[in-house]
Amino acid sequence: MVSIRRSVSAFVAVAIGVTLVAAATLLLASGRPQAPDRLARAAVVVQSPEAGASADSFVPTRPWSATATAGLVGRLAALPGVAAAVPDRTFYAQPLIDGRPAASDTHEGHGWSSAQLGGLRLMAGEPPRRPGEVVVGRALGLRTGAPVTLLTAVGAESYTVTGLVDGPGIHVADEVAATLAPGVRAIGLVLTADADTERVATAARGIVGTDGRVLTGDARGALEPRNDARTRWIGMQVLTATAALAGFVTVFVVASTFAFTIAQRRRELGLLRAVGATGRQVRRMVYGEALVVGASGGIVGLLVGGGLAPPLGWLLVDAGFEPSTFRVGYEPWPVALSLVAGPVISLLAVWSASRRAARVRPLEALREAAVEQRPIGRLRVATGALLVAVGVALSVGTATADEARVAGQYALYAVMALVAGATVLSPAVVGPVVRLLRSPVRRRGGAIGMLVRGGALTATRRTASTAAPVLLTVAFAVLVSGMVRTTTAAYAAGRADNVNAGWIVLPDQAPGLSDQAVAATGGTALLPTTVFRTDPGTAPADRPLTALGVDPAGFAAANRALTVVAGSLDDLRGDDTVVVTASANLRPSEPYAVVFADGTLVSLRVVAVVTDASLPGDLLVPRAVVRTHDPSALTSTVYVRDRIAPPVGARIVDVATWAAEADAAEDRLVWLFTLLLIGVSAGYGAIAVANTLLLAAAGRAADLRLIRMAGATRRQVVWLVTAESALVVLIGALLGGAVAFVGLLSIRAGLAEQVGAPVDLVVPWSVVAGVVGLCLLLAVLASVLPTWRSLRHRPARSSVGVAG
């Protein structure tokens, strides 16, 4: 029969776990890409070919050239049911308000024809027809006929506002847009009222062939801005990790709770065996209890998670884990998964405890002593040793990984294996740890210390079950926070060491620096653009690469990491030269064909080969080549020797600040993600410790009253349970810290190999102290409060008198 008092802790753990799983999966199901508003009225959109890149690279598609675009537009416009075929040209344009870049959500300009793809309406004035004319959103507060300065890739340019529309965006004459964005990545088809969308799409596919994709309906979400796609991908990683961690920790916590409950019910189970119950029947009974707890906890968790999903979605958007277009919806599969998760988690968690329950002998019913008679079995020792071996092997993989992301994954798996192994072996470890602490406890604790030490050594399973959640919590807190801080500091230091400059000029409230701003600094600039590599014998432009437009002499002087292995950087001049990295497996004078942002295929000539670590990109070309083929490319960084007054749209920082800020936005998201994971594990650990100690306090009421009858004061008994709780938390913290330290050492070794310099191990002790303190606080409260309540009355004198 299910005991409500004994099942509350497991029910709470399952309900919280399913709540997190339900909320995370509902948010995941809602994270579908959204078609941008500027293409909302285009029922059919033809997208340029996708480059062969990984899912997390978020590079743009390969553009069509001006000639290819004109041919496609003409043939698509002639299709039956197509009212207009409009190439969507996108370029950088940002208004200057009071001499500073406007802090608007969009920095994109488009040709006026693109306005019809999003259904924008002209609210005042007239469309732009000549160079120097522009239509802007009325939200900017400008009037028709007013002058406005637009910051473009070239610099600040004067325009006249000819009209206002009811949405965001900058719209210029189509001829101007064709000059600023010669390459096109999308052609929107506006259909007639009686057109059949699928029929038009089928006909368009026949025209495009393999040189693009035809998208309709929800598939147009592939056209969402790359920044939104990246943000959405980060949010998916956060939600997936949260759901996975919630499931893992829930199984862990519920397993510890059931193990402790079974240990408390040994006499009850022994009585069942004494009256004829078989081991299989006992296991079936325990599984039945777990199923009831899991099903009820799963239903409650689903209801709570479903209610929390919308506000959590708003928080994700505010934190930057989801784009502003994110909306929470309810799908069937997260509901079904959440309903199944509760029972499955409970059954997985109770497996080990059910085996232990089935082994209880009938003679256990006759025992009054709580002394544990049976050490951990050989199978448990073998399982624990195997998990520890797997954790050590993964730690070695962490230390030898070539990429930080791979190392982080290995480290997380390593700690999960080590945590599981330490938990399985913890009854055997508790004794040595307590004996290690024996001298300090004996000196300071007196009789109370002796009782604490004796109780921990006598009931190692109980101590291990209570310490297991603390072990898990501390291990994850130390590993994840230490990994993030150590990695961030290591890469910032390596980045700063590679730069030979006094100051760095960076964009300010703008996505990049214009040519005018770069000229005003007089420094060495990096002008990045995305190109697409054409490998001989394959489909054209199948590999996206980052090309840097540079002045070779200035770049060589500013880059300490530059190592030339063949050729000469001085030969990087003209319009057909390129410097590649050693991983390209090319030699000087060999051809290197790429497609630039304007869709033009250009055959370049390799003039030098450098080591892979030499470049913050994939290849170098002369700066003028980038500007010729990508009129909207923006400079990301300018290295200068002396501090200067920054031009419009720029700011200046020292090298250390630049190195720390280079990935500041991503580091902020990673740290928020870290705190979220720590909060999940710490919350679970604290709840598990409190629940387990509440059960322990209820089961030890008779023992504590006996201690009172032996002469101990109420305060001494309270101090005894407080010391026991502190010892349990200390044991869990020591084991968890040791497990995480193994992972951190392997991470540091891997980072040192990657950056080529010693790496300091950084552990945020404030986070660790907070986690341990939370566990300690709840542990003390969960043990002291029920003990104080059970000892409110003075114990009666023993009915067993002394003969006299």
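What you see is a predicted model; the values in this text were computed from it and never measured.

Further remarks concern the overall build of the protein chain. Scanning the protein chain from N- to C-terminus turns up 20 helices and 23 strands. Residues classed as buried in the protein chain amount to 49% of the 804 residues present. Summed over its atoms, the accessible surface of the protein chain is roughly 36,400 Å², and 60% of this surface lies on carbon and sulfur atoms.

Attention now moves to the side chain of threonine 524. Of note, threonine 524 is situated in strand E15 (residues 524-533). Among all residues touching threonine 524, those that are not within four sequence positions of it are Gly554, Phe555, Thr637, Val638 and Tyr639.

The next thing to look at is the packing of aromatic side chains. A complete count under the given rule lists 1 aromatic pair for this structure. Here the aromatic rings of tyrosine 639 and tryptophan 658 are separated by 6.3 Å at their centres, their planes lie at 90°, and the arrangement is edge-to-face. Placement of tyrosine 639 in strand E22 (residues 637-640) and of tryptophan 658 in helix H16 (residues 655-661) is noted, with a sequence separation of 19 residues between them. According to the relative accessible area criterion, tyrosine 639 is buried, its value standing at 10%. Here tryptophan 658 falls in the buried class, since its relative accessible area comes to 10%. Residue placement shows arginine 533 over the ring face of tyrosine 592; its charged tip is 4.1 Å from the ring centre.

This brings us to the pattern of salt bridges. One pass over the full model with this rule turns up 14 salt bridges. Two residues, arginine 623 and aspartate 515, come together in a salt bridge whose shortest N-O distance is 3.0 Å. Of this pair, arginine 623 sits in helix H15 (residues 623-629) while aspartate 515 sits in helix H13 (residues 515-521); the two residues are 108 residues apart in sequence, bridging distant segments of the chain. Taking relative accessible area as the criterion, arginine 623 reaches 22% and is therefore assigned partly exposed. Between glutamate 590 and arginine 587 there is a salt bridge, with its nearest N and O atoms 3.8 Å apart. With relative accessibility at 24%, the residue glutamate 590 sits in the partly exposed group. Relative accessible area serves as the criterion here: at 59%, arginine 587 is assigned to the exposed category. A single salt-bridge network, built from bridges that share partners, covers Arg38, Asp88 and Glu108.

Time to look at the environment of leucine 776. Secondary-structure assignment places leucine 776 in helix H20 (residues 765-790). For the pair leucine 776 and alanine 690, spaced 86 residues apart in sequence, the C-alpha to C-alpha distance is 9.4 Å. Not counting chain neighbours up to four residues away, the residues in contact with leucine 776 comprise Ala726 and Val729.

The contact between helix H6 (residues 266-274) and helix H7 (residues 279-319) brings their axes to 10 Å, and the two run at 135°. On the basis of their axis angle, the class for H6 and H7 is oblique. Here the hand of the crossing between H6 and H7 comes out right-handed. Mapping the contact onto sequence places Leu269, Leu272 and Arg273 in H6 and Gly279, Val282 and Met285 in H7.

Relative to the 16 Å expected for 12 residues at 1.5 Å per residue, helix H2 (residues 66-77) spans 16 Å between its end C-alpha atoms, a close match to the ideal helical length. By the burial criterion, the buried members of H2 are Thr69, Leu72, Val73 and Leu76. One side of H2 holds all its buried residues, which, seen down the axis, span an arc of 100°. Among the exposed residues of H2, those pointing more than 90 degrees away from its buried face are Thr67 and Ala70.

We now examine the packing of H2 against helix H4 (residues 197-208). Contact geometry for H2 and H4: axes closest at 10 Å, N-to-C directions at 145°. By crossing handedness, the relation of H2 to H4 is classed as right-handed. Taking contact as the criterion, the partners of Leu72, Arg75 and Leu76 in H2 are, on H4, Ala204, Ile207 and Val208. Of the residues contributing to the contact of H2 with H4, the split by class is 5 nonpolar, no polar and 1 charged.

This paragraph deals with unusual backbone geometry. Residues other than glycine seldom take positive phi values, yet glutamine 509 does so here, at roughly 60°. Here glutamine 509 lies in the loop between strand E14 (503-507) and H13. For serine 589, which is not glycine, the phi torsion reads 85° and is therefore positive. Following the sequence through the fold, serine 589 ends up in the loop between strand E18 (577-581) and strand E19 (591-595).

The subject of this paragraph is a nonpolar patch on the surface. Judged by side-chain polarity, Ile299, Val300, Leu303, Val304, Leu308, Leu312, Leu315, Val335, Leu339, Val340, Val344 and Leu348 come together as a nonpolar surface patch covering roughly 1,000 Å² of accessible area. When residues of the nonpolar patch are traced back to their parent elements, those giving at least two are H7 and helix H8 (332-358). Here the nonpolar patch gets 7 residues from one element, more than from any other, and that element is H7. As for its position among the elements, isoleucine 299 is in helix H7. The class of isoleucine 299 is partly exposed, set by a relative accessible area of 46%.

The next point concerns H4. Its 12 residues place the ends of H4 16 Å apart at the C-alpha level, agreeing with the 16 Å of an ideal helix rising 1.5 Å per residue. Those residues of H4 that are buried lie in contact with strand E1 (44-47), H2, strand E2 (82-87), strand E12 (186-191) and strand E13 (213-216). Residue aspartate 196 occupies the N-cap position of H4, its side-chain oxygen lying 3.3 Å from the main-chain nitrogen of glutamate 198. Positive phi appears at glycine 209, one or two residues downstream of H4, with a value of about 65°.

In this structure, valine 46 sits in strand E1. For valine 46, a relative accessible area of 0% puts it in the buried group. Excluding its chain neighbours within four sequence positions, the residues that come into contact with valine 46 are Trp64, Leu76, Arg185, Ala186, Ile187, Val208, Arg213 and Val214.

Next up on the list: the side chain of aspartate 88. Relative to the helices and strands, aspartate 88 resides in the loop between E2 and strand E3 (90-92). Judged by relative accessible area, aspartate 88 falls into the buried class, the value being 6%. Excluding anything up to four places from it in sequence, aspartate 88 contacts Arg38, Leu39, His110, Ser114, Leu117, Val184 and Ala186.

Rules behind the numbers
- Residues numbered from 1 in each chain as written.
- Predicted model: local features only at pLDDT ≥ 70, side-chain atom pairs only at ≥ 80, totals over all residues.
- Heavy atoms only, no water.
- Helix = DSSP H or I, 4+ residues; strand = E, 2+ residues; numbered from the N terminus.
- Buried < 20%, exposed > 50% of the residue type's maximum accessible area, 1.4 Å probe, protein only.
- Areas by Shrake-Rupley, 256 points an atom, 1.4 Å probe, with all protein chains shown as cover.
- Contact = heavy atoms within 4.5 Å.
- Phe/Tyr/Trp six-rings, centres within 6.5 Å; stacked < 30°, edge-to-face > 60°.
- Lys NZ or Arg CZ within 6 Å of the ring centre and 35° of its normal.
- Salt bridge = Lys/Arg side-chain N within 4 Å of Asp/Glu carboxyl O.
- Axes fitted to C-alpha atoms, helices over the stretch in contact; angles between N-to-C directions.
- Parallel < 35°, antiparallel > 145°, perpendicular 65-115°, else oblique.
- Left-handed = near helix turned anticlockwise from the far one by under 90°.
- Expected span 1.5 Å × (residues − 1).
- Arc of directions from axis to C-beta.
- Nonpolar A, V, L, I, M, F, W, Y, C, P; charged D, E, K, R; others polar.
- Patch = residues over 30% accessible without salt bridge, like charges linked within 9 Å, V, L, I, M, F, W, Y side chains within 5 Å.
- Polar contact = N/O pair within 3.5 Å; in protein donor to acceptor, adjacent residues only side chain to side chain.

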